[in-house]
Structure formats: C-alpha cells, structure tokens
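A structural walkthrough
What follows is each chain in one-letter form.
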Amino acid sequence: NVAEGVACVMEDSWNNLSPRVVVDYQLTENVMVYGSFSEGYKAGGYNSVEVGSRFENETVTSWEVGFKSDFLNPDLIFNMSAFSYVYEGKQSIRLVVPTGGGVPQYLVQTSDDEAIGVDMELDWQTTDALRLYGNAQWIDSTHKRRVDSNGTDLAGEPTGEPFWNVAFGGEYVLDFANGSD
C-alpha cells in the first residue's frame, strides 16, 4: 500500500551465472572461422518515478558464427558473421508525457524480443597513406511478447530497429618533414 507521508520500502535480490563458449579454428594462414554461444543478464529493479513499480531481470541468449580474414600482409581485411539472439524481459525506457500536460516521466517497459542478422566488415589499406573501410549489418528484429500502453498485442511485429545499418569512411595521412603527420 502506498500513501502520502508513509515510507514505501521494497526489497528484492537477483543473481545469475552467464556462460560464454567460443570455438575458433585457423582454416588457413589468413582465415579463421569461429562460433560462439553466450548468455547475458541485467538485474531487475524499481522505477522510482512510478509508484510501486518493479521489473524483473533481463536475459539474452545469443549465437554467432563467422570468419575473420586478412589478405595482402594484412592490408585487406574482410570479416563476416551471422547471429541470432533472444531477449526475455528486455528492459527499455520511454518518456511519457501526461495527457493535458504535466511533468514527463521515464517509465520502464519490458518485452521479449528475437532477432537474426548478418554483419560484414571491410578494411583496406590501399597505400601507406590511404585507408578505406566499411561496415554493414542486416538485422530482422521482432517482438515475441509485448503489449503497448493501449493494450495492443505487438507479438510478431518489428521492434523498430532498422533492417540495414551501413557506415563507410576513409582516412588519408600526410607525412610532414618534421616527423609529424
């Protein structure tokens, strides 16, 4: 029971052992293949701005397989992996503005989510001065269990994470006579 002027005391404890197993094999001098399995954990807690609010711990189970390679002494690097993860009780924070105004509050939401994806990385030192690099990720992330604030069941719906994330860049280094660059 929560009442004005009365101290509200809540207490709980959480604990976890999170395993991680990685196996790799040097296929050739320039190519390594690997696989990993891991579990992760974030303790539950309380939301101090929502009276009586308590949320359970978050866990994630993930798998990844891939390869890492370097060519041309290792001036050309190409890495790629495929992964999947399943979150149970994934904790996220959202800002809620009360209807008709008032003080906005951060509220904790939980959901069960799952995803599969592919990561790719290319890094090429074309000359001593010029380096080009790029990363791309495709991910399909959906809710396994989530009900929004209006009571709508979002199971099977996308989480809102973009399907594609791409970044690329380069650097060119000029050497100066005094030894700086």
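Counting starts from 1 at the beginning of each chain's written sequence and moves along it residue by residue. Only residues with pLDDT of at least 70 get local features here, since the model is predicted, and only at 80 or more are side-chain atom pairs given and counted; chain-wide, interface and lining totals rely on the full set of residues. Side-chain descriptors were evaluated using all non-hydrogen atoms of the structure, hydrogens and water having been removed beforehand.

1. Brief notes about the pattern of salt bridges
As a reminder, the rule being used: Here, a salt bridge means any Lys or Arg side-chain nitrogen found within 4 Å of an Asp or Glu carboxyl oxygen. Secondary structure counts use DSSP, requiring at least four H or I residues in a row for a helix and at least two E residues in a row for a strand, with both numbered from the N terminus.
The tally for this structure, following the rule as stated, stands at 6 salt bridges. A salt bridge links Glu-88 to Lys-144, with the nearest nitrogen and oxygen atoms 3.0 Å apart. Residue Glu-88 is located in strand β6 (residues 76-96), and its partner Lys-144 is located in strand β8 (residues 130-145); the two are separated by 56 residues in the primary sequence. Across the pair Glu-171 and Arg-131 runs a salt bridge, and its minimum N-O distance is 3.5 Å. Of the two residues, Glu-171 sits in strand β9 (residues 164-172) while Arg-131 sits in strand β8, which places them 40 residues apart along the sequence. Through salt bridges with shared partners, a single network forms among Asp-123, Arg-131 and Glu-171.

2. Topic: the packing of aromatic side chains
The geometry of an aromatic ring pair is captured by the separation of the ring centres together with the interplanar angle, meaning the angle of the planes. Using the following cut-off: Each Phe, Tyr or Trp ring (for Trp, its six-membered ring) is paired with any other whose centre lies within 6.5 Å, and the angle between the two planes then decides the class: stacked below 30 degrees, edge-to-face above 60, tilted in between. Here the term buried applies to any residue with accessible area under 20% of the maximum for its type, exposed to any over 50%, and partly exposed to those in between, with areas from a 1.4 Å probe on protein chains only. Consider the ring centre and the ring normal. A charge sits over the ring if Lys NZ or Arg CZ is within 6 Å of that centre and within 35 degrees of that normal.
Counting across every chain of the model gives 3 aromatic pairs. With centroids separated by 4.7 Å and ring planes inclined at 55 degrees, the aromatic side chains of Phe-37 and Trp-63 adopt a geometry described as tilted. Of this pair, Phe-37 sits in strand β2 (residues 31-42) while Trp-63 sits in strand β5 (residues 58-71), placing them 26 residues apart in sequence. Judged by centre distance (5.6 Å) and plane angle (55 degrees), the rings of Phe-67 and Phe-78 are tilted. Pair noted here: Phe-67 is in strand β5 and Phe-78 is in strand β6, with a separation of 11 residues, a long-range link. When its relative accessible area of 29% is taken as the criterion, Phe-78 is described as partly exposed. Above the plane of the ring of Tyr-87 lies Lys-90, whose end atom (NZ or CZ) is 4.8 Å from the centre.

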